[in-house]
Amino acid sequence: MRVLVTGGAGFIGSHLVDRLMEQGYDVRVVDDLSAGDLKNIERWLNSENFEFIKGDLRDLEVAEEAVKGAEVVFHLAANPEVRIGAQSPELLYETNVLITYNLLEAMKKEKVKYLVFTSSSTVYGDAKIIPTPEDYAPLEPISVYGGAKLAAEALISGYAHTFDIRSLVFRLANIIGERSNHGVIYDFINKLKADPNRLEILGDGTQRKSYLHVSDTVEGMLYLFEKFIEEEKVYDVYNLGSDDWITVREIAEIVSKEMGLNPEFYFTGGVDGGRGWKGDVKFMRLSIEKAKSKGWKPKMNSYEAVRRTVQELLRTLK
Ligand SMILES: O=c1ccn([C@@H]2O[C@H](COP(=O)(O)OP(=O)(O)O[C@H]3O[C@H](CO)[C@H](O)[C@H](O)[C@H]3O)[C@@H](O)[C@H]2O)c(=O)[nH]1
């Protein structure tokens with residue numbers, strides 16, 4: 001089976017590529033290397049059943065070239081930075097909505113059978129029900145990023161039903177692990193390297209979210225995709241997360257401990273009642289009952305995933 005992974009040189013994408021290659025698929029990656037890094041997929045570059053295209057999916061021709069001959073598209077290419085929404089909404093529109101539209105157009109033309117898309121917990125906004133199930137309503141994102149992900153989901157649903165592109169959407173909690181090059185753990189490590197005595201924490205530190213290790217994420221995606229293929233549905237949505245959550249303050253404590261430091265915590269106070277930035281969802285935990293009912297569950301809880309990620313990043317970050 002020929003598989004295209006968009007964003008395959010990125011954090012989650014490259015872990016997915018590792019699994020697909022280990023399972024013997026023909027894999028093509030398209031990535032503009034804006035956030036991704038060739039080092040993440042270095043080990044596969046000379047393999048016969050691997051192909052890399054450096055290209056920007058904002059260009060429809062790149063999307064058309066990338067999907068040629070593919071039976072499945074795993075669409076992970078995106079700008080993942082929630083916090084830039086207030087400064088650069090157009091960038092989040094282009095790198096989440098426009099590229100998804102281009103890809104769908106190319107897939108329609110090429111008659112690609114399956115699409116797997118990584119959406120985000122941010123589509124739920126400040127959910128009133130926690131843990132939040134997939135059928136929670138109304139979906140009211142509070143960030144441009146969440147809005148762009150929801151717009152992409154809606155386009156995918158429309159194309160799926162109109163053009164028979166069987167599509168599976170994953171709404172991901174905060175995904176962490178080796179090769180991540182942004183986010184709270186990455187930021188804390190870098191801040192502490194610059195000043196081991198003081199750690200600036202955005203917001204009031206009580207932001208509480210569910211963190212999932214990338215290994216659990218990729219395993220869940222592939223497992224549930226196999227189940228989806230066996231079923232009749234044209235379009236389906238799953239939350240992927242862990243069954244618990246953890247505060248930013250607790251993350252700061254874990255990072256400090258793993259680095260053997262005892263810094264003074266400095267809270268910026270943030271915006272809108274202690275959020276790190278405009279659009280930062282303060283409390284997020286997803287119901288993963290639907291995924292569990294199909295037989296998937298994460299091996300690590302949030303605490304274990306954070307600890308392991310700190311160790312992985314300390315080993316690999318320069
Ligand atoms: O220096 C920092 C950086 C972050 N935070 C806080 O840490 C929390 C997590 O922030 P991240 O930047 O790690 O992650 P986000 O919650 O903004 O978003 C992440 O998870 C989302 C899904 O839940 C999306 O998928 C998104 O792409 C991904 O980056 C936030 O509450 C933020 O306020 C700090 O206190 N200090």
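Residues numbered from 1 in each chain as written. Predicted model: local features only at pLDDT ≥ 70, side-chain atom pairs only at ≥ 80, totals over all residues. Heavy atoms only, no water.

1. Things to note about the UniProt feature "domain: NAD-dependent epimerase/dehydratase" (unreviewed entry) in the chain
And step 1. In the numbering used here, UniProt assigns the feature "domain: NAD-dependent epimerase/dehydratase" (unreviewed entry) to residues 3-241.
And step 2. Structurally, residues 3-241 is divided into 38% helix and 21% strand, and its ends, taken at the C-alpha atoms, are 25 Å apart. (UniProt positions renumbered as here; feature names shortened; annotations may be inferred. Helix = DSSP H or I, 4+ residues; strand = E, 2+ residues; numbered from the N terminus.)

2. Regarding the pairing of strand E5 (residues 114-120)
And step 1. Counting buried residues along E5, seven of its seven residues qualify, which places the element largely inside the surrounding structure.
And step 2. The alternating pattern of E5 places Tyr114, Val116, Thr118 and Ser120 on one face and Leu115, Phe117 and Ser119 on the opposite face, and all of these are buried.
And step 3. Alignment of strand E4 (residues 72-75) against E5, held across four bridges, turns out to be parallel. Bridge pairing in E5 places His75 opposite Phe117.
And step 4. At this point the chain moves from E4, through helix H3 (residues 89-110), to the parallel E5, and the crossover so formed is right-handed. (Buried < 20%, exposed > 50% of the residue type's maximum accessible area, 1.4 Å probe, protein only. Pairing = 2+ DSSP bridges. Right-handed = clockwise from strand over helix to strand, strands pointing away.)

3. Structural notes on the environment of Ser256
And step 1. Within the secondary structure, Ser256 sits in helix H7 (residues 248-258).
And step 2. Under the relative-accessibility criterion, Ser256 is labelled buried at 4%.
And step 3. Each C-alpha atom, one on Ser256 and one on Lys318, is 17 Å from the other, the two residues being 62 residues apart in sequence.
And step 4. If near-sequence neighbours (up to four positions away) are discounted, Ser256 is found in contact with Leu192, Leu261, Pro263 and Phe265. (Contact = heavy atoms within 4.5 Å.)

4. Regarding the sheet that holds strand E14 (residues 283-284)
And step 1. Taken in spatial order, the three strands of this open sheet run E12-E9-E14, and their pairing is mixed. The open sheet terminates on both sides in strands that have one partner only, identified here as strand E12 (246-247) and E14.
And step 2. Alignment of strand E9 (residues 208-209) against E14, held across two bridges, turns out to be parallel. Within E14, the residue paired with Lys209 across the bridge is Met284.

5. Observations regarding the packing of helix H1 (residues 11-22) against helix H6 (residues 214-230)
Geometry of a packed helix pair, given as the angle between the helix axes and the separation of the axes.
And step 1. Direction vectors running N to C along H1 and H6 enclose 60°, while the axes themselves pass 10 Å from each other. Here H6 runs oblique to H1, going by the angle between their axes. Along this stretch, H1 crosses H6, giving a crossing that reads as right-handed. Taken together, the residues of H6 that come into contact with H1 (itself represented by Phe11, Ile12, His15, Leu16, Arg19 and Leu20) are Val214, Ser215, Val218, Glu219, Met221 and Leu222. (Axes fitted to C-alpha atoms, helices over the stretch in contact; angles between N-to-C directions. Parallel < 35°, antiparallel > 145°, perpendicular 65-115°, else oblique. Left-handed = near helix turned anticlockwise from the far one by under 90°.)

6. Thoughts on the environment of Ile201
And step 1. Mapped onto the secondary structure, Ile201 falls in strand E8 (residues 198-201).
And step 2. The spatial distance from the C-alpha of Ile201 to the C-alpha of Lys191 is 9.7 Å, given a sequence separation of 10 residues.
And step 3. Not counting the four nearest positions on each side in its chain, Ile201 is found in contact with Phe188, Val248, Ala252, Phe265, Tyr266, Phe267 and Thr268.

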